[in-house]
Amino acid sequence: MKARPLIFSASIGQGHQQAAKALCTELEKKGYYPKIIDTFYTLSPLLHHCIVKSYLNLLKLGPAVWRKIYFNAEKQSYFLYIDRFSTLFTERLHKLIAEEENVPFIISTHPFVTPFLTTVKKKRKINIPIYYVITDFLMHPAYLREGVDRYFTADPTSFHFAKKNNYPVDRFCLTGIPVPGHPAFSSTKSKSREQLGLDENKKIVLIAGGGFGLAKYVKVIRALEKCSEELMIICMTGTNTKAARKIESYKSKHCLKVLPFTDRFLDYLRASDVVISKSGGLTMSEALICETPIIIYKPVPGHEEHNAQYLVEKGAAVKIQGDEELPLIIKRVLFQKKLSEEMRYSARKIKRPTAAEEIVEEMILALEQKQQAVR
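Quick look at the structure, then. (Residues numbered from 1 in each chain as written. Predicted model: local features only at pLDDT ≥ 70, side-chain atom pairs only at ≥ 80, totals over all residues. Heavy atoms only, no water.)

1. Describing the overall build of the protein
Part 1 of the reasoning: Counting secondary structure elements, the protein contains 17 helices and 12 strands.
Part 2 of the reasoning: Rg of the C-alpha trace for the protein: 21 Å, near the compact-globule value of 21 Å for 375 residues, within the 12% margin.
Part 3 of the reasoning: Each of the 375 residues in the protein was classed as buried or not, and the buried ones make up 56%.
Part 4 of the reasoning: Partitioning the contacts of the protein with sequence separation of at least 6, the portion at a separation of at least 24 is 66%.
Part 5 of the reasoning: Carbon together with sulfur atoms contributes 52% to the accessible area of the protein, which is approximately 17700 Å² in total.
Part 6 of the reasoning: In the protein, 56 positive and 39 negative side-chain charges are present, and the distance between their average locations comes to 4 Å. (Helix = DSSP H or I, 4+ residues; strand = E, 2+ residues; numbered from the N terminus. Rg over C-alpha atoms; globule rule 2.2 N^0.38 Å. Buried < 20%, exposed > 50% of the residue type's maximum accessible area, 1.4 Å probe, protein only. Contact = heavy atoms within 4.5 Å. Areas by Shrake-Rupley, 256 points an atom, 1.4 Å probe, with all protein chains shown as cover. Lys, Arg positive; Asp, Glu negative; His and termini not counted. Charge placed at Lys NZ, Arg CZ, Asp CG, Glu CD.)

See below:
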């Protein structure tokens, strides 16, 4: 019987699901038969709905509250409350795992999911390794759980982080964030534009709002009206149909293109001269792989602010501090060749296009070592 690794993710945005798909693909290449589980929806559609709704409302109506919770949690263990809550679903989650045969290891790609897995492992004494794949660029104490056998992270300071938090250093593996493989990795800007039917001679601005379409699209478009040169502006709106309709009704001197969702996101990234986005880990990793200059605008408080800090310090992104900077920064990145070339060079130095492959290889190596020790 084929080994069946279980990948627990959550459809709260697209990033964690995309990371799960990247790992799934690599495991299949190695002859495994992985299964992706949308954790909260599978446990209870109502639970999933409540989590998504609460998270979105908090980001829209109380971002300052979320920021305070996130940063205070670096010093106080607020995040352990989720472990207590997870005990309500221990039996259901255990049943999900137990009904699968030949599970060599379990993977989590979401910070809300990991405590559910470590709780069921402890309560039901499950002897299966749990691996946690971090989809942000910097570690946070809220990610730490005793039941996690190994962490896969993009954080170059993770070993220092482990020591600071009295955690075993050998549980951390520096790999980067897994991104689904795609021909765009080896494509050129010119080739991508040809394949997508985009004008070779226009500057292309990509506005990406993640799976939920959380971007200030119209505000960015208004800022771009100050550019005298006609641009192609591509708006990735995800599931945000309201934003899509608003963009479609907007009268601009530029050429506007709205895309609700596409599996060719990397092609569009490669074709673009700049991407304007909040700083979600997967989107930023994809932009680095494509070496597309990044403008960070209105990141989600907390983890995305950490991502922004990392990318700005590395020189691969610029962050807009206030709305008044918006038109100036956009024009600088678009039309100052030296700046855009420096950003592309910085991206080239820190990108990790083979992260998914490296992570899977480490997991398989650990499994083989365990099997040899038993013999």
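2. Observations regarding the packing of helix α4 (residues 63-72) against helix α14 (residues 303-314)
Part 1 of the reasoning: Across the interface, α4 lies against α14 with an axial gap of 9 Å and an inter-helix angle of 70°. Looking at the two axes, α4 sits roughly perpendicular to α14. Between α4 and α14, the contacting residues are W66, R67, Y70 and F71 on the first element and H303, E305 and H306 on the second.
Part 2 of the reasoning: A per-class count over the contact of α4 with α14 returns three nonpolar, two polar and two charged. (Axes fitted to C-alpha atoms, helices over the stretch in contact; angles between N-to-C directions. Parallel < 35°, antiparallel > 145°, perpendicular 65-115°, else oblique. Nonpolar A, V, L, I, M, F, W, Y, C, P; charged D, E, K, R; others polar.)

3. Digging into the layout of surface pockets
By rolling a water-sized probe across the atoms, one finds the places where empty space is left.
Part 1 of the reasoning: Roughly 720 Å³ of internal volume is contained in the second largest pocket.
Part 2 of the reasoning: Listing elements by their share of the lining of the second largest pocket, those giving two or more residues are α3 (45-61), α4, α10 (217-224), α11 (241-248) and β10 (274-277).
Part 3 of the reasoning: Taken together, the residues that form the lining of the second largest pocket break down as 14 nonpolar, three polar and nine charged. (1 Å grid on protein atoms, 1.4 Å probe; cavity = no way out; pocket = protein on both sides within 12 Å on 5 of 7 lines; lining within 4 Å. Points joined across faces, edges and corners; volume = space filled by probe spheres on them.)

4. Details of the packing of helix α6 (residues 90-98) against helix α7 (residues 113-123)
When two helices pack together, their arrangement is given by the angle between the helix axes and the distance between those axes.
Part 1 of the reasoning: Look at α6 against α7: their axes get within 10 Å of each other, and the N-to-C directions meet at 85°. Relative to α7, the element α6 is oriented roughly perpendicular. Along the contact surface, α6 presents T90, L93, H94 and I97, while α7 presents F116, L117, T119, V120 and K123.
Part 2 of the reasoning: When the residues that make up the contact of α6 with α7 are grouped by side-chain class, the tally is five nonpolar, three polar and one charged.

5. Quick look at the environment of E99
Part 1 of the reasoning: Structurally, E99 is set in the loop between α6 and β3 (106-108).
Part 2 of the reasoning: Along the backbone, E99 and F137 are 38 residues apart, and their C-alpha atoms lie at a distance of 34 Å.

6. As for the pattern of salt bridges
Part 1 of the reasoning: One pass over the full model with this rule turns up 21 salt bridges.
Part 2 of the reasoning: A salt bridge links D273 to K189, with the nearest nitrogen and oxygen atoms 2.7 Å apart. With D273 in the loop between α12 (265-271) and β10 and K189 in helix α9 (residues 189-196), this residue pair connects regions lying 84 residues apart in the sequence.
Part 3 of the reasoning: R352 serves as the salt-bridge partner of E358, at 3.0 Å between the closest nitrogen and oxygen.
Part 4 of the reasoning: Residue classification places E358 among the partly exposed residues on the basis of a relative accessible area of 25%.
Part 5 of the reasoning: When its relative accessible area of 30% is taken as the criterion, R352 is described as partly exposed. (Salt bridge = Lys/Arg side-chain N within 4 Å of Asp/Glu carboxyl O.)

7. Observations concerning helix α17 (residues 355-374)
Part 1 of the reasoning: Here α17 contains 20 residues, and its C-alpha end-to-end distance of 29 Å stays within 8% of the 28 Å for a straight helix at 1.5 Å per residue.
Part 2 of the reasoning: Considered for burial, the residues of α17 that qualify are A355, A356, I359, V360, M363, I364 and L367. Buried residues of α17, seen end-on, are gathered within an arc of 165° and therefore sit on one face of the element. Of the residues in α17, the exposed ones pointing more than 90 degrees away from the buried face are Q372 and A373.
Part 3 of the reasoning: Residues of α17 that are buried sit in contact with α1 (15-29), β3, β4 (130-133) and β5 (150-153). (Expected span 1.5 Å × (residues − 1). Arc of directions from axis to C-beta.)

8. Some remarks on the packing of aromatic side chains
Part 1 of the reasoning: If you walk through the whole model with that rule in mind, you get 14 aromatic pairs.
Part 2 of the reasoning: Ring geometry for F137 against Y310: centres 5.2 Å apart, planes inclined by 15°, an arrangement best described as stacked. With F137 in the loop between β4 and β5 and Y310 in helix α14, this residue pair connects regions lying 173 residues apart in the sequence.
Part 3 of the reasoning: By relative accessible area, which is 4% here, F137 ends up buried.
Part 4 of the reasoning: Classification of Y310 by relative accessible area gives buried; the value is 9%.
Part 5 of the reasoning: Consider the rings of Y151 and Y167, whose centres lie 5.9 Å apart with planes at 70°: the pair is edge-to-face. Taken as a pair, Y151 in strand β5 and Y167 in the loop between α8 (158-164) and β6 (172-174) lie far apart in primary sequence, 16 residues in all.
Part 6 of the reasoning: Residue Y151 is classed as buried on the basis of its relative accessible area of 0%.
Part 7 of the reasoning: Each residue in the set Y132, Y143, Y151, F161, Y167 and F172 is aromatic and connected to the rest through ring pairs, giving one cluster. (Phe/Tyr/Trp six-rings, centres within 6.5 Å; stacked < 30°, edge-to-face > 60°.)

9. A look at the side chain of T175
Part 1 of the reasoning: Of note, T175 is situated in the loop between β6 and α9.
Part 2 of the reasoning: Once you skip the residues sitting within four places of it in the chain, T175 turns out to touch F152, T153, R352, A355, E358 and I359.

10. Quick word on the nonpolar core
Buried together is how nonpolar side chains tend to be arranged in soluble globular proteins.
Part 1 of the reasoning: One finds I234 and L311 to be the most contacted residues of the largest nonpolar core, which totals 36 residues.
Part 2 of the reasoning: For this core, the elements supplying multiple residues, two or more each, are β7 (203-208), β8 (231-236), α12, α13 (281-290), β11 (294-296), α14 and α16 (337-350).
Part 3 of the reasoning: The element best represented in this core is α13, accounting for six residues.
Part 4 of the reasoning: Among residues more than four places away in sequence, those in contact with I234 are L198, I204, V205, L206, I207, K257, L259 and Y268. (Core = buried A, V, L, I, M, F, W, Y, C linked by side-chain atoms within 4.5 Å.)

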